[in-house]
Amino acid sequence: MLIALERVARLRAEQELKKLAAFRLHVMAAHEQVEASRAAMAQSYAAEAPLSVAEARMANAQAGRAARDLARAQAELARMQPRFEQMRERAGREFGRAEVLSEMAENALSAARQRRERGQMIE
């Protein structure tokens, strides 16, 4: 019976790990978006040459757009983070459950073997 429970627990753990891996890709993409927005904003402020009024307006518009993109990307990442942590905890819990059941099954089989061996030695 423990072996059957272990199989079910392994399947559930595998399912949770797959969900976590898929969601992790989304979190990584959000991190990359934040970094890209930071780089774009830094680049818009990096111009050292004097700018004309038109160029300054364009640079200011680009910096504003980069700042809005950065704020949006950071907010999206902040929304994703709690769910990611919950999914990670759930996957760890399911994996731990499967490991405990596996160990219990091994111990039960080992105990059964020892009982059989003792029974054979008595005869």
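Definitions and cut-offs
- Residues numbered from 1 in each chain as written.
- Predicted model: local features only at pLDDT ≥ 70, side-chain atom pairs only at ≥ 80, totals over all residues.
- Heavy atoms only, no water.
- Helix = DSSP H or I, 4+ residues; strand = E, 2+ residues; numbered from the N terminus.
- Rg over C-alpha atoms; globule rule 2.2 N^0.38 Å.
- Buried < 20%, exposed > 50% of the residue type's maximum accessible area, 1.4 Å probe, protein only.
- Contact = heavy atoms within 4.5 Å.
- Lys, Arg positive; Asp, Glu negative; His and termini not counted.
- Charge placed at Lys NZ, Arg CZ, Asp CG, Glu CD.
- Salt bridge = Lys/Arg side-chain N within 4 Å of Asp/Glu carboxyl O.
- Core = buried A, V, L, I, M, F, W, Y, C linked by side-chain atoms within 4.5 Å.
- Polar contact = N/O pair within 3.5 Å; in protein donor to acceptor, adjacent residues only side chain to side chain.
- Expected span 1.5 Å × (residues − 1).
- Phe/Tyr/Trp six-rings, centres within 6.5 Å; stacked < 30°, edge-to-face > 60°.
- Lys NZ or Arg CZ within 6 Å of the ring centre and 35° of its normal.

1. So, the overall build of the chain
Here is step 1 of the chain: Within the chain, the regular secondary structure consists of 2 helices and 0 strands.
Here is step 2 of the chain: A compact globule built from 123 residues should have a C-alpha radius of gyration of about 14 Å, whereas the chain, at 28 Å, is more than 25% larger.
Here is step 3 of the chain: In terms of its C-alpha atoms, the chain occupies a principal-axis envelope of roughly 105 × 20 × 15 Å.
Here is step 4 of the chain: A total of 123 residues make up the chain; the buried ones form 22% of that total.
Here is step 5 of the chain: Contacts in the chain between residues at least 24 apart in sequence constitute 92% of all its contacts with a sequence separation of at least 6.
Here is step 6 of the chain: The chain carries 21 positive and 17 negative side-chain charges, and their two centres are separated by 5 Å.

2. Observations regarding the environment of Ala 4
Here is step 1 of the chain: By secondary structure assignment, the location of Ala 4 is in helix 1 (residues 2-45).
Here is step 2 of the chain: Note on Ala 4: relative accessible area 41%, which makes it partly exposed.
Here is step 3 of the chain: Spatially, the C-alpha atoms of Ala 4 and Ala 105 are 9.5 Å apart, while their sequence positions differ by 101 residues.

3. Observations regarding the pattern of salt bridges
Side chains that differ in charge, positive against negative, can pair when their charged atoms come close.
Here is step 1 of the chain: In this structure the tally under the stated criterion is 10 salt bridges.
Here is step 2 of the chain: Between Arg 90 and Glu 16 there is a salt bridge whose closest N-O contact spans 3.7 Å. Of this pair, Arg 90 sits in helix 2 (residues 53-122) while Glu 16 sits in helix 1, and the two are 74 residues apart along the sequence.
Here is step 3 of the chain: Residue Arg 97 is joined to Glu 94 by a salt bridge in which the shortest nitrogen-to-oxygen separation is 3.0 Å. Separated by 3 residues within a single helix, Arg 97 and Glu 94 lie in helix 2, roughly one turn from each other.
Here is step 4 of the chain: Each member of the salt-bridge network shares a partner with another, and the members are Glu 6, Arg 10 and Glu 99.

4. Description of the nonpolar core
Here is step 1 of the chain: Judged by nonpolar contacts, Leu 20, Phe 23, Val 27, Ala 30, Val 34, Leu 70, Ala 73, Leu 77, Met 80, Phe 84, Met 87 and Ala 91 together constitute the single largest core of 12 residues.
Here is step 2 of the chain: Contributions of two or more residues to this core are made by helix 1 and helix 2.
Here is step 3 of the chain: With 7 residues, helix 2 is the single largest residue contributor to this core.
Here is step 4 of the chain: Look past the residues within four positions of Ala 30 in its chain and what remains in contact with it is Leu 77 and Met 80.

5. A closer look at the side chain of Glu 6
Here is step 1 of the chain: Locating Glu 6 in the fold gives a position in helix 1.
Here is step 2 of the chain: One polar contact links Glu 6 to Ser 102, side chain to side chain, over a distance of 3.4 Å.
Here is step 3 of the chain: Residues contacting Glu 6, with those up to four places away along its chain left out, are Ala 98, Leu 101, Ser 102 and Ala 105.

6. As for helix 1
Here is step 1 of the chain: Along its 44 residues, helix 1 runs 63 Å from first to last C-alpha, staying within 8% of the 64 Å computed at 1.5 Å per residue.
Here is step 2 of the chain: Those residues of helix 1 that fall on the buried side of the exposure criterion are Glu 6, Ala 9, Ala 13, Glu 16, Leu 20, Phe 23, Val 27, Ala 30, Val 34, Ser 37 and Ser 44.

7. With respect to the packing of aromatic side chains
Here is step 1 of the chain: Here the structure, examined in full by the defined rule, presents 1 aromatic pair.
Here is step 2 of the chain: Between Phe 23 and Phe 84 the ring centres are 6.4 Å apart and the planes differ by 25°, which places this aromatic pair in the stacked class. In this pair, Phe 23 sits in helix 1 while Phe 84 sits in helix 2, placing the two residues 61 residues apart along the sequence.
Here is step 3 of the chain: For Phe 84, a relative accessible area of 12% gives the class buried.
Here is step 4 of the chain: The cationic tip of Arg 83 hangs over the ring face of Phe 23; the distance from NZ or CZ to the ring centre is 5.1 Å.

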